[in-house]
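Chain by chain, the residues run as shown.
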Amino acid sequence: MKKINDKIIAFLGEIILKNNLEKDVIDSSFDYSERTPILEKTLSMIFNDVVTQRMENGERIAQFHPFVKLRNIIDRLINNLINYEDVLPLLKEEFDFPKEKAKEISLLIEGNKEIKELIEKEDDTVYEKTEEKVSPKSIGYELLK
């Protein structure tokens, strides 16, 4: 499974902030300052008292947190479980966006260079796990020589 990087995390944070989706998941310590890096703002949306309290009250983070909802869409996209055409209806469904807003965000996602690179990148986690299993000191390795 492919993993997103910090540039994509910041990109998702920008989408959330631009569309004011963070209101229900931030606490009073959230810093809207221009000097604060977007990655730091994004992480503070995820790790704060409001999110912790809601989870302790039994809510699943995937049900209420805009970052997690967006991340799930992007994860499915980069792992080729959905196509770019599927992003627009998923955005409308998850966030109740009007069609124009969902289209705008889906075009931003489609234009993101890091996401495109991950979609095109071969998933090499399968190969890594296979290589880890065959130890050069194992009997199986010796028999393969």
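Residues numbered from 1 in each chain as written. Predicted model: local features only at pLDDT ≥ 70, side-chain atom pairs only at ≥ 80, totals over all residues. Heavy atoms only, no water.

(A) Just the overall build of the chain, in detail. Across its full length, the chain holds 10 helices and zero strands. In the chain, the order of α-helices and β-strands from amino to carboxyl end is α-α-α-α-α-α-α-α-α-α. In the chain, buried positions account for 38% of the 145 residues. Counting contacts in the chain only where the partners sit at least 6 residues apart, residues at least 24 apart contribute 56% of the total. Put simply, the chain shows about 9,600 Å² of open surface, and 51% of that area lies on carbon and sulfur atoms. (Helix = DSSP H or I, 4+ residues; strand = E, 2+ residues; numbered from the N terminus. Buried < 20%, exposed > 50% of the residue type's maximum accessible area, 1.4 Å probe, protein only. Contact = heavy atoms within 4.5 Å. Areas by Shrake-Rupley, 256 points an atom, 1.4 Å probe, with all protein chains shown as cover.)

(B) Representation of the packing of aromatic side chains in the model. On inspection of all chains with the given rule, the structure shows two aromatic pairs. With centroids separated by 4.7 Å and ring planes inclined at 75°, the aromatic side chains of F30 and Y32 adopt a geometry described as edge-to-face. Between the aromatic rings of F95 and F97, the centroid separation amounts to 5.2 Å while the plane-to-plane angle is 25°, which identifies the pairing as stacked. Judged by relative accessible area, which is 11%, F97 ranks as buried. The ring centre of F95 lies 5.7 Å from the NZ or CZ of K69, which sits over that ring. (Phe/Tyr/Trp six-rings, centres within 6.5 Å; stacked < 30°, edge-to-face > 60°. Lys NZ or Arg CZ within 6 Å of the ring centre and 35° of its normal.)

(C) View of the environment of I82. Mapped onto the fold, I82 is located in the loop between helix 5 (66-78) and helix 6 (84-95). Setting aside residues no more than four positions away along its own chain, I82 makes contact with I73, R76, L77, V87 and L90.

(D) View of the side chain of N19. Mapped onto the elements, N19 comes out in the loop between helix 1 (6-18) and helix 2 (38-46). According to the relative accessible area criterion, N19 is buried, its value standing at 13%. Side-chain polar atoms of N19 contact the backbone oxygen of I15, separated by 2.8 Å. Not counting the four nearest positions on each side in its chain, N19 is found in contact with K101 and I105. (Polar contact = N/O pair within 3.5 Å; in protein donor to acceptor, adjacent residues only side chain to side chain.)

(E) Region of interest: the pattern of salt bridges. Considering all chains together, one arrives at five salt bridges under this definition. Between R71 and D75 there is a salt bridge, and its shortest N-O distance comes to 3.1 Å. Of this pair, R71 and D75 both sit in helix 5, four residues apart, which is roughly one turn of that helix. Using a relative accessible area of 26% as the deciding quantity, one classes R71 as partly exposed. Each of K18, K101 and E104 takes part in salt bridges that share partners, so that together they form one network. (Salt bridge = Lys/Arg side-chain N within 4 Å of Asp/Glu carboxyl O.)

(F) Representation of helix 7 (residues 99-111) in the model. Taking 1.5 Å per residue as the helical rise, helix 7 with its 13 residues ought to reach 18 Å, and the 18 Å between its terminal C-alpha atoms agrees with that figure. Buried residues of helix 7: A102, I105, S106 and I109, and no others. Projected down its long axis, helix 7 carries its buried residues within an arc of 100°, all on one side. Away from its buried face, by an angle of more than 90 degrees, helix 7 presents the exposed residues E100 and G111. Those residues of helix 7 that are buried are in contact with helix 1, helix 5, helix 6 and helix 8 (113-120). (Expected span 1.5 Å × (residues − 1). Arc of directions from axis to C-beta.)

(G) Broad picture of the environment of E110. In this structure, E110 sits in helix 7. Taking relative accessible area as the criterion, E110 reaches 36% and is therefore assigned partly exposed. For the pair E110 and E85, spaced 25 residues apart in sequence, the C-alpha separation works out to 9.5 Å. With near-sequence residues (within four places) excluded, E110 lies in contact with Y84 and K116.

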